[in-house]
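Read off the chains here:
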Amino acid sequence: MASLKGSRRRGAGLHLVLIAGLLLSVLPFYWAVIMSTHSSTEIFSYPPKLLPGSHFLENAHHLFDNVDFFGSMANSLLVAGSVTVLVLFFDSLAAFVFAKFRFPGRRVLFALMMAIFMVPAQLQAIPQFVIMAKLGWIGSMTALIVPAAANAFGIFWMRQYMKSAIHDELLDASKLDGAGFLRQYWHVALPVVRPGLAFLGIFTFMGQWNDYAWPLIALTNPDNVTLQVALSQLNGVHGTTDYGMVMTGALLALVPLLIVFAIGARQIIADLGKGAIR
């Protein structure tokens, strides 16, 4: 009886900790909603406003007047979507080779890839810009998509996932059925590692969607910028910063991320559930 009461107390304590963590995680999003529905004067009033206001439509109207919000969002969707698809394909293909095949120089190539993984992205900006300029891609979306089409983190993540998720017996059975490399990759490996692909897709899409520095450097045409660069132009519009308008833009920019996260998380949970049943 005492052990039962102790387990209930531990369970209640764990639930309280989880609820507190949930509230702390939701608080920034809630505060962004509050700020987007108030004017700048109301945002800096004391005591602070804790309930939604009535200025959201006004802030949205000012936002659309100052920047090409939907055009910039379309550019970000194009870049983030294209990069995500390419990363999922190239990284999973390379990871499949590293995880399940033996070939000369495999360890050296993997070590070289991990060394590249440790190089900060800021150090790559100048040589990357020079290469893009020589190819004539500066100012176009190609300068954002092609350099990000594969990355060391994705290969490392999928390699580690495939090593434990794809059993050698499964590949041996597919070989007996006459499956070649591409059929093994497409029909055997990918269905097994969909949770890992879902995580990599979410991670890649969010990283590209929130990227600011490289699009600011590479997209020299102000009419062809991504959403994060466009939103940065709201700071100091007409000599002052309308924080209600800025927060409205930031809040609307979160919507595609929430949709992608919901789809990816649902895929992860569904595939893990199927795996548990099997």
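What comes next is a walk through the structure. Model, not experiment: these values are computed from the prediction.

The rules behind each value
- Residues numbered from 1 in each chain as written.
- Predicted model: local features only at pLDDT ≥ 70, side-chain atom pairs only at ≥ 80, totals over all residues.
- Heavy atoms only, no water.
- Helix = DSSP H or I, 4+ residues; strand = E, 2+ residues; numbered from the N terminus.
- Buried < 20%, exposed > 50% of the residue type's maximum accessible area, 1.4 Å probe, protein only.
- Contact = heavy atoms within 4.5 Å.
- Core = buried A, V, L, I, M, F, W, Y, C linked by side-chain atoms within 4.5 Å.
- 1 Å grid on protein atoms, 1.4 Å probe; cavity = no way out; pocket = protein on both sides within 12 Å on 5 of 7 lines; lining within 4 Å.
- Points joined across faces, edges and corners; volume = space filled by probe spheres on them.
- Nonpolar A, V, L, I, M, F, W, Y, C, P; charged D, E, K, R; others polar.

Some details on the side chain of Asn 75
Mapped onto the elements of the fold, Asn 75 is located in helix H4 (residues 69–100). By relative accessible area, which is 14% here, Asn 75 ends up buried. Residues within four places of Asn 75 in sequence aside, it is in contact with Met 141, Asn 224, Val 225 and Thr 226.

Thoughts on the nonpolar core
Residues Phe 96, Leu 144, Met 158, Met 162, Ile 166 and Val 193 are the most contacted members of the largest nonpolar core, which totals 27 residues. Taken together, the elements giving at least two residues each to this core come down to H4, helix H7 (142–145), helix H8 (152–165), helix H10 (181–192), helix H11 (194–210) and helix H12 (213–218). Considering each element in turn, this core owes the most residues, seven residues, to H4. Beyond its immediate chain neighbours, meaning those up to four positions away, Met 158 contacts Asp 91, Ser 92, Ala 95, Val 193, Gly 196, Leu 197 and Leu 200. In terms of nonpolar packing, the next biggest core, distinct from the first, is built from 14 residues, Phe 69, Met 245, Val 246 and Leu 257 among them.

Regarding the layout of surface pockets
By volume, the largest pocket is sized at about 1100 Å³. As for the largest pocket, its lining consists of 32 residues, and the residues nearest its centre are Ala 121, Gln 124, Ala 148, Asn 151 and Gln 208. Broken down by secondary-structure element, the contributors of at least two residues to the lining of the largest pocket are H4, helix H5 (106–117), helix H6 (121–135), H8, H11 and H12. The dominant element in the lining of the largest pocket, judged by the number of residues it contributes, is H6, at five residues. Along the lines of polarity and charge, the residues of the lining of the largest pocket split into 23 nonpolar, eight polar and one charged.

These figures capture arrangement, not role.
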